[in-house]
Amino acid sequence: MAQHHHAADDLNSPPIGSPLMGDPADILMGLRNVDVGVVAISATCAVSFVNDAFLSAVSAAETDPDAVLGRHYPEVFKACSLPAEARPPACDVPAVAAETSQMRADIAWSPNPAGGWIGIAGNAQGQSQGAAPQFEADELTGLGNRKYLKTCFEQMVREDQGERDGVVALFLDLDHFKQVNDTLGHTVGDGLLRKVAERLKRAIRREDVVARVGGDEFAILLADNPLSCAEDIAARIIKMVSRPFLIDGHQLTIGVSIGLAARRPEERDPEKLLQRADIALYESKRSGRNQFSWFKDEMFAELERRRDIEMDLRKALLLQQFEIVFQPQVDFQEHRVTGFEALIRWNHPDMGQILPSDFIRIAEDTGLIIDIGAWVLAEACKAASAWPEDIAVAVNVSSMQFEDSGFVNAVSTALATSGLAPHRLELEITETTLLKKEEVVLQRMNDLRSLGIRISLDDFGIGYSSLNYLRKYPFDKVKIDQSFVREPFADDNAHQIVEAVAQLGAAFGMNVLAEGVETVEQLARIRANGCASIQGFLIGRPIKPTEIGSFLTAPLPTMDQDQPPCAKEGDQG
């Protein structure tokens, strides 16, 4: 079943049938990104050129063209024997037998005037000669659309008589695509989608089908494909999509998460197959992104749990199931409490207390984080208004909240309603927020600072964090992620980073706080690296608002002997 292919329009490639002039390797490099599979071998059968499309057409185990160069052709492409009439004399390659694998690509060979041979991979042999489904294109990428995918699936099912490997579906979602749209605009985003589509077409065989089924979502149907081969193709796609893209002068690097599912016997509904692949895709994203996962039946239970949490989350605010606890922050040089971080907990009637790590992401995916975040902000300000005047309250803000047009007004309302002095409110944002357009982020930060509040950079040191953020944005505090404090990650490199952040923060007038400090030894390292403030179980676990008064009147730990952790690590934030 042929997917419509078009040569890349950003290359000045010579026509495939034109004579080669000059160095054949240099000329062939112009064919690296075309959709037609091309291979060149020397008179001794050493591979001198191969492109992605050829590797895909012959379902090669190797996915990197550069890794094939110089190797013996029969060794790399065992199933792709050369026809007798085109076999170079120096190559010990058997003639093609009629019973060769049905999925072997038909390779047309011709002599290379500069020496050796050039092979062009055509349609796979053994394909059905029936009429192909009417192609229906996605307007942006030129790939098939969802309707076309459904039609192709139905034809694959009709052709499957139980004598071949079954159909495998891949469901793909681009990692970090939204950040490209948000920072560089939809024109660049659309250009990126088109380039991704070109790479996906080169990653699959001609009998396979790729379609765009959503904004940055794609689906692929692999026909007559062993499961191991499907994994090879998924790995090839991840590798190809992870290579940098050049779009309108911007070099972009993204990833792709993939879910795989095999068609079940008698299954004739493509939506059920795609649904299972989509569930597996969620597992890939949950496990860290830029990887693939096969569907497993137990994933249905996890999906149902997520749906239950989502449904209950929508009622939790109305039913007053949330509560706020506060974890102390201490300046150990002055040996005093400087503030508390507000941490949300969900007291679920059936599941018990649920930590933020188990529901905040769902709240962000559904947009519920806006209302939940506004509630946390209001409750934290209300509680802090009863504390001593020199004690601040820190509130976490998600990137979705920060971008919301009503966020500044929500902050103003929380301050006005509670009567809390603005300088006692500290909003904590993460690096994810800073990945948006710089001018937009700066304007929002300036709008908030004009209210008199303070802004902190939370979890510094993970993901995309850069010391340049400290120079570019007006932060009042930097919170170093706990991974730089705790063993086994707190190595010499981590200590140097903490020291550099502490020095740079001091130069810019920022307070630097280390999170997750649990032992005196960790405190000693932090102190030696120039950090003046800490938060963690060494000082105190999160406590209820009614316990704040007694905590402030009690003496702080002497910090001269090791303190056992007060709770599980997951309760830290």
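For the structure itself, consult the block above.
Residues numbered from 1 in each chain as written. Predicted model: local features only at pLDDT ≥ 70, side-chain atom pairs only at ≥ 80, totals over all residues. Heavy atoms only, no water.

**Overview of the overall build of the protein**
Thought 1: Within the protein, the secondary structure is distributed over 19 helices and 20 strands.
Thought 2: Taken across its 573 residues, the protein has 51% of its residues classed as buried.
Thought 3: Here the contacts in the protein between residues at least 6 apart in sequence split such that 65% fall between residues at least 24 apart.
Thought 4: Split by element, the accessible area of the protein, about 25,700 Å² in all, is 51% carbon and sulfur. (Helix = DSSP H or I, 4+ residues; strand = E, 2+ residues; numbered from the N terminus. Buried < 20%, exposed > 50% of the residue type's maximum accessible area, 1.4 Å probe, protein only. Contact = heavy atoms within 4.5 Å. Areas by Shrake-Rupley, 256 points an atom, 1.4 Å probe, with all protein chains shown as cover.)

**Details of the pairing of strand S6 (residues 209-212)**
Thought 1: Neither face of S6 is open: one carries Val209 and Ala211, the other Val210 and Arg212, and all of them are buried.
Thought 2: Counting the residues between successive antiparallel strands, the hairpin from S6 to strand S7 (residues 217-222) contains four residues. (Pairing = 2+ DSSP bridges.)

**A look at the packing of helix H11 (residues 369-384) against helix H13 (residues 407-418)**
Thought 1: Running from amino to carboxyl end, H11 crosses H13 at an angle of 30°, the nearest separation of the two axes being 9 Å. Taken together, the axes of H11 and H13 lie roughly parallel to each other. Handedness of the H11/H13 crossing: right-handed. Note on element contacts: H13 touches H11 through Ala410, Val411, Ala414, Leu415 and Ser418, opposite Leu377, Ala378, Cys381 and Lys382.
Thought 2: For the contact of H11 with H13, the class distribution of residues is seven nonpolar, one polar and one charged. (Axes fitted to C-alpha atoms, helices over the stretch in contact; angles between N-to-C directions. Parallel < 35°, antiparallel > 145°, perpendicular 65-115°, else oblique. Left-handed = near helix turned anticlockwise from the far one by under 90°. Nonpolar A, V, L, I, M, F, W, Y, C, P; charged D, E, K, R; others polar.)

**Some remarks on the sheet that holds strand S5 (residues 168-175)**
Thought 1: The strand order S6-S7-S5-S10-S11 describes an open sheet built from five strands, whose pairing is mixed. Edge positions in the sheet fall to S6 and strand S11 (292-294), since each of these pairs with one other strand and no more. Between one strand and the next, the sheet's axes are offset by a mean angle of 20°, whatever the strand orientation.
Thought 2: In this sheet, strand S10 (residues 255-262) lies alongside S5 in antiparallel orientation, the contact comprising eight bridges.

**Observations regarding the nonpolar core**
Note on soluble globular proteins: their nonpolar side chains tend to be buried together.
Thought 1: By size, the foremost hydrophobic cluster in this structure holds 76 residues, and its most contacted members are Phe326, Leu425 and Leu427.
Thought 2: For Phe326, the contacting residues outside a window of four places in its chain are Phe340, Glu341, Ala342, Ala380, Ala383, Trp387, Val393, Arg541, Pro542, Ile543, Pro545 and Ile548.
Thought 3: Residues Leu170, Leu222, Val241 and Ile254 belong to the second largest nonpolar core, which totals 36 residues. (Core = buried A, V, L, I, M, F, W, Y, C linked by side-chain atoms within 4.5 Å.)

**Description of unusual backbone geometry**
Thought 1: Phi angles above zero are rare outside glycine, and Cys45 is one such case at about 70°.
Thought 2: Of note, Cys45 is situated in the loop between strand S1 (37-41) and strand S2 (47-50).
Thought 3: Of note, Asn290 is a non-glycine position whose phi angle comes to about 55°, a positive value.
Thought 4: Checked against the element boundaries, Asn290 lands in the loop between helix H8 (270-286) and S11.
Thought 5: Residue Asn290 is classed as partly exposed on the basis of its relative accessible area of 34%.

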